[in-house]
Structure formats: structure tokens, C-alpha cells
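# Commentary on secondary and tertiary structure
These are the residues of each chain, in order.
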Amino acid sequence: MKLGAVFDDIQKENTVICLDTFNSTKKRMGVVVKDKDGSVWVHWKGASEVILSQCTKYIDAEGNIIDLTTEKVEELEGIIITFANAALRTLCFAYRELTEHEAQGLRTRKPEIPDKDLICLAIVGIKDPLRPGVADAVRKCQIAGIKVRMVTGDNIMTAKAIATECGILNKEGIAIEGKKFREMEPEDQYKILPSLQVMARSSPTDKYTLVKRLLEMGNIVAVTGDGTNDAPALHEASIGLAMGIAGTEVAKESADIIILDDNFASIVKVVRWGRSIYANIQKFIQFQCTVNGVALALNFIAAVANGEAPLTAVQLLWVNLIMDTMGALALATEPPNEALMHKPPVGKREPLITNIMWRNMFGQFVYQLILLLLFQFQGMQLLGLDDDGIPTETGHSHAYREVETVIFNCFVFCQVFNEINARRMDELNVFTGLWNNKVFLYVILFTVVVQVLLVEFCGSFTSTVHLSWQRWLLCVGLGAGSVPLAAIMKCVRVPKRPVWSSWQNRDELVFREGGSVMSMMFRQGSQKVDLQRTRSVKSAKFYSDFTTNDTTASSPPDSCLQKLQKVICQLGTSPSASNDLENPGRRNNNEAWR
């Protein structure tokens, strides 16, 4: 419009003969039009270096067509680099008039639009500014242990400038073009992946290969995409995130999560909420295991020793309500906080119950069980009660029922304060943000009020008796003792290696060689790798690292293979010299070994 052109008028004066749409492989698009004078013209636009390489002439400011010399090409390439360093996406426009013979050739069913001997018309730089908050979102992801990589079709200089601007590319990072990455051997790809931060001029195949290699190295990979060509990578990734506005239906179908506002900052919210839900589940499990363990151990020990359990069925029903419904409402509704983004990611093979949870549960279990057993066996003496021997309607004396009521009351208040402890499993201050969680406060208040009503006004139903205010203070104080105990237990260091982990039982052999990570999965009946006597391999559950001091180009794979063969041959499996002709469905054993 600024050049004085009217799009509708130009469109009416020209007729489109054929069109070559843009795709990420060619990185260009072309159109052939016939003007009102009958002349046929071809117009191309696309990646600057691609279109410029197809030009032999250029048009100057006065409209003169001049041959494109080597010096002029270097000048134009310098302009492209200047634009790219300024984080501008560059496009090159070129055209030329077609001869009559070339125009006739376009009448075929699948015409090939001429793309040689073009006239360079212009090189433009397009500024695509970062959205507000993107750089901050990238920084938060990196703090959270998430490595952000940029895969784009832009010029490598443009990609590096944009990646530097938003904090993806640093001094230690590597930026590479998709073509170079594509031509690498898998072993070389494995070596550069830890430092790879930017891949420019990439194709959908490059993106898919990158995701596949990262998964083979044991990483959890999340991929964002919006186009149909991104579908394979979105499907292959551990987590696929499609754009809700610009994304195609194919991309959305292949993704696991759809970002409705197409904003990278929303990924931070996804991570924060995901970690919050995971942490809330852990809190609830810690709280529930403690309640279950103490109730089970208390009733079992008392039943074996005295022939009668201190907690009745009705009391256990109320405890179960506290543990399941109330506990879930209180702990599962804990809102996400920024501290979650300062923790490292949780591996897919790490146990749900961590060493920190085992430590917390053990401390609370021992404290509550000792406390309640003391009242169970020495309650009369500790409370200063005398057994008058006069039975009540339940068959026990009033003093005995008072002791049982104190046990029940102490047990419930221990769970109330332990519920507060569960809010912060690894922090000393368990009251941080307590007043911001209204649901948690309502649950605690409801639990305390109902407990008072059950003890004081529902004695015949719950097998309890009236307690004096001194007894109530005693029960609340003993229950509150779990808070300082939790702080003391959190000072006890625990090993980082999980005490109970699912990785110990993996049917997987992983070996590292020259910085790369390769894996072979042994599964009985597997369609991917089927070795003879698979059951022998299946029975061997181990995780082993293979290393070698030989760093020559050819020997490391052989030395690794020799070590691998030695281990598996010890299990009774060895390569066969012949094919399994009796079972055509089984793979050739030698192929599996290779």
C-alpha cells in the first residue's frame, strides 16, 4: 500500500496459472501469472540464501537489470547477515519473464515452475518481536531444570540472535543447521546433544530425529508445534504441546496438551501445576500412610496384649473420614507456589515415595505409636485415675473409658497437626502460605469441631466420655508435639539414592560409549528384538554401564559389543550361525545381534 499498489486491481489484471506452495523442505514458494499484456512471469519468495542462489541478475534502484557478480553476491549476503544478527527474518524476492516455450511447458498436469536465472528484486528483514514474558518464562524453565532448545526454519544467524535474546543460547551452547545435523552419524549426534541449543534451517524430519535421539538417551522430551509437519515429532515426544490458535487439527490430534493462547509462558504454568499435583499426591500419601500405620499397629498390639482394641469401629470410621475425604480436600487443594520451580525434575523411574517421605513417616509413626501405647498400658497412672471397678453400660469402668477417650482424642489431634506437617515435606516452616489455603483451614476447623462434638455429646455412639479442659489441653498439646518433632526429623539427612526404586527391576541394559547412550530392551515375545532363549535374558534383571579406554574411531563399538556379548553369553544366550527356519515370524538371530 505504501508503494501505491492496489491489491484488488493488480489481482484483476493478472491471472494465476500455477502455484508452488511453501513447504518447510524447500523453504520457498513460487507463482506463475499472466498479465494483461499476455506476458507470463514467474515470481519466487522464500529463504534469502535459497532464492539468492537461484539468481543471476539483480535490479538496482533505478530499475536497471544488472548481472549479479561475485562482489555483489557477497554484498547481498552481508546484508542478510546484518539483518539476521539484528534478529530479523529475511526474505528474498525474485522474478523473471518466461519464454513462450517455458510457458507452454506449464500446461502439463504436474508443471515444474522454472527457478533458474532469476532476477533478484529485493531482500527484506521482518521483525518478529518476542512476546512479553517469553524471556522470563525461558529463565524459569531453566531454573526448574528444563533445558529449552530452539528448532526453527530460520537462517542460523537469525535463530542465534533470537535465541540469545530470549535466553536459550549461551556461550557454552551449540547452534547447528539441520542439514549438518542430518548428515551426522548417530554417535556424533549423541555427542553434541547435551550442548545443542539451537537448530536452524531444520526440516520436520530433523525435528523428529532430534526428539528420537533425546528419547534414546533417556530424556523426557516435550515438543511444541503448530503445523501438520510437526505431527510426527509431537506424537513421538513424551509430551506434545500444540498451539490452540495457529495449530492445525492434525497437530492438535497428535499432541497431549493444547496451549490455548499460543504463548510459551503458558508452558511454565503447565509445569508449575503438574509439579503441584504431583507434590500434593505425595503429601496425601505421606499423611495417609502415617494414619494407617499407626492405627493398624496400635489396634494390633493392644489386641494381642489385652485382647481388646482401643479404637472402636465407629472411631475408626471417623478416622477414615479424616484420612480420606478430609485429608484429600486439605492436601490436594494446595495451590502451586514458586518454590516448586526451584526443584529439579522428577525422573520417570524415581519412586513416588521418596526418602524424605520415608523419614517423615517413620518419625511420626514412632512418636504417635509410643505416645498412644503409653496411654494404653500406663494410662491410669499417667492420668492419675483410680479404677473404681464399677462397670458402665459398656462393661468397663469410667476411668477405663476416660483413658480410651484420651487415646482416641490424642490420635485425632496427632493427625490434625500431622496434616499441617504434610504441607511442607522438606521445609522447616510448615506454616508458610497456610492462610492462603482457605480449603485447608476449613477442613482443619471442621475436623476439630466435629471431634469435640463426638467426644462431648455423642458418647454412647462413639464410646467416649466427657473430658475436662485439662484433658483437652493435654490431647491438643501432645498432638501439637508432632510439629517440632517434624522440624527435628527434617534436620536428619537422607541419601539421594532411593531406598525403594522401580529401576532396580528394569529389564533393560544400557551402555555408554564415547558420550553416547544406547539401549537394548529385552522383552519376552518382543517384536523389536527377539534373541534365542529369551527367557534366560528375561530372568536377568540388571543395570550395567559399559565403558572402554579405547577411543579410536573403529574399536569402541566393537569393544562395547564384545562386553555386551560376554554378559549375555553368560546368561545362556549366544548368536546363532543359522536362521530360525522353523519359525519365520522370529527375526534372524544375527540381525538381532547386529
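Use the structure listed above.
The structure contained in this document is the topic of the report that follows. (Residues numbered from 1 in each chain as written. Predicted model: local features only at pLDDT ≥ 70, side-chain atom pairs only at ≥ 80, totals over all residues. Heavy atoms only, no water.)

## Some words on the overall build of the protein
The condition that has to hold: Every helix listed is a DSSP run of H or I at least four residues long, and every strand listed is a run of E at least two residues long, numbered separately from the N terminus. Categorising residues by exposure relies on relative accessible area from a 1.4 Å probe, with only protein chains included: less than 20% of the type maximum marks a residue as buried, more than 50% marks it as exposed, and the intermediate range marks it as partly exposed. It only takes one pair of heavy atoms within 4.5 Å for two residues to be counted as in contact. All accessible-area figures derive from a Shrake-Rupley calculation using a 1.4 Å probe, and residue coverage is judged against the displayed protein chains alone.
Of the regular secondary structure elements, the protein holds 22 helices and 15 strands. By residue count, 41% of the 594 residues in the protein fall in the buried class. In the protein, once contacts between residues fewer than 6 apart in sequence are set aside, the share between residues at least 24 apart is 64%. As displayed, the protein has an accessible area near 32600 Å², and 58% of this comes from carbon and sulfur atoms.

## Points about the sheet that holds strand 4 (residues 55-59)
Short version of the rule: In this scheme, strands are said to pair when DSSP sees at least two bridges between them. With axes taken as lines fitted to C-alpha atoms, and helix axes fitted only over the stretch in contact, angles between N-to-C directions fall between 0 and 180 degrees.
If you trace the 7 strands from one edge of the open sheet to the other, you get 1-2-3-6-7-4-5, paired in mixed fashion. Where the open sheet ends on each side, the last strands, each with one partner, are strand 1 (15-23) and strand 5 (65-67). Ignoring strand direction, the axes of neighbouring strands in this sheet form an average angle of 30°. With 7 bridges joining them, strand 2 (residues 28-34) and strand 3 (residues 40-47) adopt antiparallel strand pairing. Directly across from M29, in strand 3, lies its bridge partner K45. Contacting strand 4, strand 6 (88-97) and strand 7 (118-127), helix 3 (residues 70-85) runs over the sheet at an angle of about 15° to strand 7.

## As for helix 12 (residues 265-306)
Heads up, the rule is: A helix is expected to reach a length of 1.5 Å times the quantity of its residues less one.
In this model helix 12 runs 62 Å from its N-terminal to its C-terminal C-alpha over 42 residues, within 8% of the 62 Å that 1.5 Å per residue would give. Count one or two residues on from helix 12 and you reach G307, which has phi positive near 80°.

## Digging into the pattern of salt bridges
For clarity, the threshold we go by: Within this document, salt bridges are pairs made up of a side-chain nitrogen of Lys or Arg and a carboxyl oxygen of Asp or Glu, the two lying within 4 Å of each other.
This structure, assessed with the given rule, holds 18 salt bridges. Across the pair R139 and D136 runs a salt bridge whose closest N-O atoms are separated by 2.4 Å. Of the two residues, R139 and D136 both sit in helix 5 (residues 134-143), 3 residues apart, roughly one turn of that helix. Between K140 and D136 there is a salt bridge, with the nearest N and O atoms lying 3.4 Å from each other. One end of the pair, K140, and the other, D136, are both in helix 5, 4 residues apart, so they sit about a helical turn from each other. Looking at K140, the relative accessible area reads 21%, which means it is partly exposed. Under the relative-accessibility criterion, D136 is labelled partly exposed at 32%. Within the structure, one salt-bridge network assembled from shared partners comprises E334, R423, R424 and E427.

## Brief notes about the sheet that holds strand 13 (residues 257-259)
Spatially, 11-12-13 is the arrangement adopted by the 3 strands of the open sheet, whose pairing is parallel. Taken across any chain shown, the strands that pair with only one partner, and hence form the sheet edges, are strand 11 (222-225) and strand 13. Neighbour-to-neighbour, the strand axes of this sheet turn through a mean angle of 25°, independent of strand direction. Here strand 12 (residues 239-243) runs beside strand 13; their pairing, made up of 3 bridges, is parallel. By the bridge assignment for strand 13, L241 is matched with I257.

## Some details on unusual backbone geometry
Its identity is not glycine, yet K27 carries a phi of approximately 60°, on the positive side. Structurally, K27 can be placed in the loop between strand 1 and strand 2. In this structure, A87 is a non-glycine residue whose phi angle is positive, near 65°. With respect to the helices, strands and loops of the structure, A87 is situated in the loop between helix 3 and strand 6.

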